[in-house]
Structures are given as structure tokens and as C-alpha cells.
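Observations on the model geometry
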Amino acid sequence: MENKVRVRFAPSPTGGLHLGGVRTVLYNYLFAKKLGGDFILRIEDTDQSRFVPGAEGYIFECLKWCGIEPDESAIHGGDYGPYRQSERKRSYLGYAEKLVENGYAYYAFDTPEELEAMRQDLRTADNPAPQYDQTVRGRMRNSISLPADETKTMLLKNTPHVIRIKLPDDEIISFQDMIRGEVHFNTGTIDDKVLLKADGMPTYHLAVVVDDFLMKITHAFRGEEWLPSSPVHVLLWRYLFGEKNMPQWAHLPLIMGPSGKLSKRDGAKYGFPVFAMNWTDPATNELTEGFKEKGFLPEAFLNMLAMLGWNDGTEQEVFSITDLIQKFSIERVHKAGAKFDYEKAKWFNHEWIKGFNAEDLRLKVKNVLEDRGLEVDDTILLDKVINLVKDRCTLLTDFYDQAYFFFRSPATLDIAAVRPKWTMEKKEFFISLCQEFEALAEWESAFIESAFKTIATEKNIKPGELQLPFRIMLVGGKFGPPVFDIAGLIGKQETIHRIMNSLEQF
RNA sequence: GCCGCGUUGGUCAAUCGGUUAAGACGCAUCCCUUUCACGGAUGAAUGAGGGGUUCGAUUCCCCUACGCGGUACCA
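Quick word on the packing of aromatic side chains
- Throughout the structure, instances matching the rule amount to 37 aromatic pairs.
- With centroids separated by 5.1 Å and ring planes inclined at 65°, the aromatic side chains of F272 and F340 adopt a geometry described as edge-to-face. With F272 in the loop between α9 (264–270) and β12 (279–280) and F340 in the loop between β14 (338–339) and α13 (342–355), this residue pair connects regions lying 68 residues apart in the sequence.
- Exposure remark for F340: the relative accessible area of 6% places this residue in the buried category.
- Relative to F452, the ring of F429 lies with its centre 5.1 Å away and its plane at 80°, an arrangement referred to as edge-to-face. Taken together, the residues span a long stretch of sequence, with F429 in helix α17 (residues 424–439) and F452 in helix α18 (residues 445–459) at a distance of 23 residues.

A few points about the domain arrangement of chain A
- Split by domain assignment, chain A resolves into domain 1 (6–83 + 254–339), domain 2 (86–252), domain 3 (356–406) and domain 4 (415–503).
- Inter-centroid distance (C-alpha atoms) of domain 1 to domain 2 is 28 Å.
- On the domain 2 side, the residues contacting the 24 residues of domain 1 number 28 residues.
- Approximately 2,500 Å² of surface area, both sides summed, lies buried where domain 1 meets domain 2, with 55% of it carried by carbon and sulfur atoms.

Examining the nonpolar core
- Counting residues in hydrophobic clusters, the biggest one holds 61 residues, and the most contacted among them are L19, F301, M304, I330 and F340.
- Put simply, the parts of the chain that give this core at least two residues each are β1 (6–9), α1 (19–34), β2 (38–41), α2 (55–66), β9 (248–252), α11 (298–307), α12 (321–327) and α13.
- At nine residues, α1 tops the list of elements feeding residues into this core.
- Residue contacts for M304: discarding those within four places in its chain leaves L19, F291, F340, A345 and F348.
- One finds I353, L374, I415 and L503 within the second-largest nonpolar core, a separate group that totals 57 residues.

Here's the deal with the pattern of salt bridges
- Tallying each qualifying case throughout the model produces 29 salt bridges.
- For E289, the salt bridge is made with K294, and the minimal N-O distance between the two is 3.6 Å.
- Between D383 and R362 there is a salt bridge whose closest N-O contact spans 2.6 Å. You can see D383 sitting in helix α15 (residues 379–389) and its partner R362 sitting in helix α14 (residues 358–371), a full 21 residues away along the chain.
- With relative accessibility at 17%, the residue D383 sits in the buried group.

Brief notes about the protein's contact with RNA strand B
- Near RNA strand B, the surroundings consist of 63 residues, among which Q131, E317, R392, G464 and G480 are the closest.
- Each atom of RNA strand B within 4 Å of the protein was assigned to sugar, phosphate or base; sugar and phosphate come to 70%.
- Separating a sugar or linking oxygen of RNA strand B from a side-chain N or O atom of K344 is a distance of 2.9 Å.
- Between a base oxygen of RNA strand B and a main-chain N or O atom of G464, the distance comes to 2.7 Å.
- Those elements that place two or more of their residues in the surface near RNA strand B are α4 (112–122), β4 (162–165), β6 (181–186), β14, α13 and α19 (463–475).

Topic: the pairing of β6
- Of the pairings in the sheet, the one linking strand β5 (residues 172–177) to β6 comprises six bridges and is antiparallel in character. Following the sheet pairing, I172 is matched in β6 by N186.

Considerations on α18
- The end-to-end C-alpha separation of α18 is 21 Å, in line with the 21 Å expected for 15 residues at 1.5 Å each.
- Within the sequence span of α18, burial applies to S445, I448, A451, F452, I455 and A456. Buried residues of α18 fall within an arc of 135° about the axis and therefore sit on the same side. The exposed residues of α18 that point more than 90 degrees off its buried face are T457 and E458.
- Looking at the buried positions of α18, the neighbouring elements they touch are α17, α19 and α20 (483–490).
- Remark: N460 follows α18 within two positions and exhibits a positive phi of approximately 60°.

Focus: the pairing of strand β8 (residues 219–223)
- Of all five residues in β8, five are buried; the element is thus mostly enclosed.
- For β8 and β9, the ladder comprises five bridges, and the chain directions are parallel. The partner of H219 across the bridge, within β9, is Q248.
- Handedness of the β-α-β unit built from β8, helix α8 (residues 230–240) and β9 comes out right-handed.

Considerations on the packing of helix α3 (residues 89–101) against α8
- At a minimum axis distance of 11 Å, the contact between α3 and α8 shows a crossing angle of 80°. The angle between α3 and α8 places the two elements in the roughly perpendicular class. On α8, the residues touching Y95, K98 and L99 of α3 are L236, Y239 and L240.
- Across the contact of α3 with α8, the residue classes break down as five nonpolar, no polar and one charged.

Looking at the sheet that holds strand β10 (residues 255–257)
- Spatial ordering of the open sheet is given by β11-β10-β14, a layout of three strands whose pairing is mixed. If you trace the sheet from one side to the other, it starts and ends with β11 (260–261) and β14, each paired once.
- Bridging between β10 and β11 involves two bridges; their strand directions are antiparallel. The partner of G257 across the bridge, within β11, is G260.

Notes on the sheet that holds β4
- Strand order in the open sheet made by the three strands is β3-β4-β7, with antiparallel pairing throughout. Pairing within the sheet leaves two strands with one partner each, and these edge strands are β3 (105–108) and β7 (194–196). The sheet shows a mean angle of 45° between the axes of neighbouring strands, direction not considered.
- Of the pairings in the sheet, the one linking β3 to β4 comprises four bridges and is antiparallel in character. Paired with A105 across the bridge in β4 is I165.

Some words on the environment of T124
- Tracing the sequence through the fold places T124 in the loop between α4 and α5 (134–137).
- In this structure, the C-alpha to C-alpha distance between T124 and M424, residues 300 residues apart in sequence, is 85 Å.
- Polar contacts involving the side chain of T124 include one to the main-chain amide nitrogen of N127, which spans 3.0 Å.

A word on the state of the cysteines
- The full count for this structure, using the stated rule, is zero disulfides.
- You can see C62 has no disulfide; the closest cysteine sulfur is in C66, sitting 6.8 Å from it.
- Taking the relative accessible area as the measure of exposure, C62 reaches 0% and is therefore buried.

Definitions and limits used
- Residues numbered from 1 in each chain as written.
- Chains lettered and ligands numbered in written order.
- Predicted model: local features only at pLDDT ≥ 70, side-chain atom pairs only at ≥ 80, totals over all residues.
- Heavy atoms only, no water.
- Phe/Tyr/Trp six-rings, centres within 6.5 Å; stacked < 30°, edge-to-face > 60°.
- Helix = DSSP H or I, 4+ residues; strand = E, 2+ residues; numbered from the N terminus.
- Buried < 20%, exposed > 50% of the residue type's maximum accessible area, 1.4 Å probe, protein only.
- Domains from an automatic or database assignment.
- Contact = heavy atoms within 4.5 Å.
- Buried area = accessible area lost by both parts, 1.4 Å probe.
- Core = buried A, V, L, I, M, F, W, Y, C linked by side-chain atoms within 4.5 Å.
- Salt bridge = Lys/Arg side-chain N within 4 Å of Asp/Glu carboxyl O.
- Near = heavy atom within 4 Å.
- Polar contact = N/O pair within 3.5 Å; in protein donor to acceptor, adjacent residues only side chain to side chain.
- Pairing = 2+ DSSP bridges.
- Expected span 1.5 Å × (residues − 1).
- Arc of directions from axis to C-beta.
- Right-handed = clockwise from strand over helix to strand, strands pointing away.
- Axes fitted to C-alpha atoms, helices over the stretch in contact; angles between N-to-C directions.
- Parallel < 35°, antiparallel > 145°, perpendicular 65-115°, else oblique.
- Nonpolar A, V, L, I, M, F, W, Y, C, P; charged D, E, K, R; others polar.
- Disulfide = S-S within 2.5 Å.

The following block contains the structure:
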């Protein structure tokens, strides 16, 4: 029990949950479930200035849609709460102070203006981004540069201050990354990161380390963008809890957009979703479309994300979540970033739609149709329709275009497709056909087809010449399942009605 | 600038020193189908560049180039 695997996804609730975030969730989840471990959701809301109402609830909604339930979280409960860092605020100060006492950190009183001035002064072409490090530490106002008593009085007077880590001047920090192998950094190239902010909140650096320890996290997955600050975290573990207790790190490769790092702008620009679900920015009211609303199945969405950076070494590409749990291995996660390919994403969805049966899709298709104003209460009919058209649907939303004519006459007919070859003889054929239809005892696709062919032979017209017009009459365009199946499902009277109605327009 | 991580077709990618360098998406052509799809077949398309190591490098090492990330009291 002591060695139980515990992983965590720790998003900052500042907006929509994008592709990369969901993939991080997925890999966390797969890893934990494969090893019988727990998946924890921790909210990293230490930046009060970036609080966005609704963002936290939205994250939970996205996970729910994906079918990934945390074992522990702010709403699922658990023994290691609270699961929001803002609610754990008081626990961080002690650790920060302990670091100061041991000489691993120090108080810094520099105001934002002073910091800005320092950066201005030191900025050169060769050093465009001066850091608060060993080279400048001495000229700033902190408990290292200032006399002890002055520091003491400033502290007593509640002078606004932060606590910064004091990085060793020149030390190689290395650790094993589960994906990249051994990585190392020289502390001389890293700045003295702020650990505790002036408002008493910890920064990410302190909070991850403290919470990962307190929550007994065994393996920590995060995006590659964290790699450069990982030596700070390693040092913090060493100073606070012992490096041997540190979780094993795995820095996941980034998901790229068409031009560089994937952003929600790419979505708007190239017409594909980047968020799991629709997200409306409460400040600007700007809506960013989600995969869910675009018509993706969660199974396909997850499948696609899993393959963006991982494969099982075989040629298999379609995986269910249970399959993924069984086969996932961190060793096979790619090191390089992957460019997101919307065409491939759609292919996954198409595969999943084709693979599902009518019952699996029923509810979702019904919703799509009803969203567009089609009332569907005949489940038997709906199932038949789904089976007939699902191969033609890449997105769930395609079901409307592919199936609406089963429930409603087409609004417009592609007359241009029939008119060039339209003749009086053909018109007569359809009139006779309607009479024949009226007389049909059983309205079933095979009988409809044979009646159609019989009349065609009588009129001496090739059946093939007549099928397209018939299709246009029933469907409105050159698409859809076999015509006789359509006629069979929409019913005798409706078929005759559509034929007669079309005859007036051709 | 500095630091780090990467680099196999347009994209996702297999290969763990010896292969005609898989497969998938997309694209093209054909077959099936008197619609559109599905399905099937075929094709075009890949190891960034340069040095090593080795009998032999896509694979191991170095350099260069390029890409990405970081360089905040944001995560």
C-alpha cells in the first residue's frame, strides 16, 4: 500500500482546457490505472490575479465528458485535501521559512519597480533578459545583501517581501526523466526563483514540491515547458523532503499547431477546435469551439490524443480506453513534439462512428438532429437510419446532413443534376411508378426496387437513367444511401408525395 | 544572448548496428457502386548537413544548422 502509484493533473483554472492538457490528463490516467494507482486532480490557483470564474467547473466537465474520473479532487474528496492550492495557503509559509533558516532561501524586498529598473539597467544585446541571480543578488535589497538587523526591522514593519530560493553558484543538477533519460542543468544559469509571493501565496515552484510531497505523488507528468525549471524543483526536494522521496518526473513532448506551439488562435485561424469543450471567456465573451460540440466522440478524441506522441509498437491505431490502459507504457512515449493534424483527428472520429452500432450512437445522433429542429421519436426508425448513414459521417454533426431527409422533405432539389437529361418519357415513368406504388401490398425496399425495374422495362428506359432523378426527388441531392432503402424507410405516401411534388419542378 | 530539449515522407510514426527504411492520415489513379460514402488495389513521397567509431550506420559519438521550450511576485 505504501508504494501505491499516485499521479496528479494540476491545471491552473485560467481558461479553456486544450488538447495538450487533456493529453497530459490521459497519460496520467493511463499510467495510474495500468498500475492500479490513483489519479488526483489538484487545482493550482495560486495566482489570484488570473482567477477566471467558471474555469474550474469547466475542467471537471471536460474530464467527465472524456470519461475520466479523478479518484481524488476538490469535488471527489480524498484523504489528502484540500485539493485547491488557494485553500492550502497557510501550509506553504512554514516550508519557505524553513528554507530561509537553513540558508537555502532569503527574503527579498525589491519592489516591482526596482526589479524592472534592474532589468533595464542590465539589459544588453548579449543579455536581453537579465535574471535575479548570484550576479545581481548582492546589489538588490534582500536578506543577503542587507545587514541582519535591517532585515529584521523591515520584517517587523511588515515591509512587503517575497522569499526567493538561493541557487548554488555553480552546481550541476541532474535527474532521470522517464521520457528523456538523464537531464542536467547548471544552477549558475538559473535565477533565484520566487517561492513565496508578497501576498503570501506560493509560486508554482514551491507549491508543486510541497503538495506533491504532502499528497504522496509518486510520478509527476507535466509538459516539456517545465523542464528548464525542474532543477529548482529537484533542489527544493533535496532541501525540504529528501531527493529520494521525489516523484519520478516525466516531461511530455509538446503538441504543436500549424505554426509553432498550438494556441486557441490556431483553432480560429485554421478552423479546428483546440479545447475539449466549448469555452466562453467570461471577460470578453469570446467563444472558442470545443471538440465535443464540433461533433467528436470522446472515445475518438482520447484515442487521437493517445496516439499523438505514443504508440504500442504495432500497427494498431484504434484503441479503446481499456485497451489503452492495458497497453500504455511511458517508455514508448515519443521525445519530440508532435504537430496536431486535424485531418487525422477526423479520421479517428470516423473510425469510431463506423465501429459503433446504432444503440451506441442513438442518443448523440438524436441530440444532433434535435438541435437542428428535427423531432425524432421513432427509435426503431432512427436506428435504421443510423445504420444506413453512419459510414458517411465523419463528425456527429454530419448526421444532420446525411439523415435529415428521412424525417423531412428536402428543402431544395438539385434540379440542375436532372434537367439536362429530363424527358417526357421519364415523367410518364414516374407517374406510372406512383400508381404501381399505390398498388404495392408490402412497402419494402426489395419490392420497391422490383416495381421500379418492372415499370422501367415496360417504358423501355434503363433503370439506371431513372435512379438519379428518383434520388434527387427523395433526397434533394446526389448523396445518401441506396434509394430504395430510403423510399422504404420514409414510407409509401411520403415517397409518392415527394415524386409528385418534384415532377412539378423538373 | 544564454540554458535546455528535440530532428525518419506534407502530417503521425516503426526500426533499439546489417531491412528493398514498416504502417496510418492526406493526396493521385484504378476497381466496386448507374448517387455519395464504405471497402479493395496501386502509386508518388522520408533518415537536416558535415565529420568520426565500425566490416557495416537512420540507429552510437562530436560539430553545425534548424525547430521548440525556458529565461515573471504566470502556470
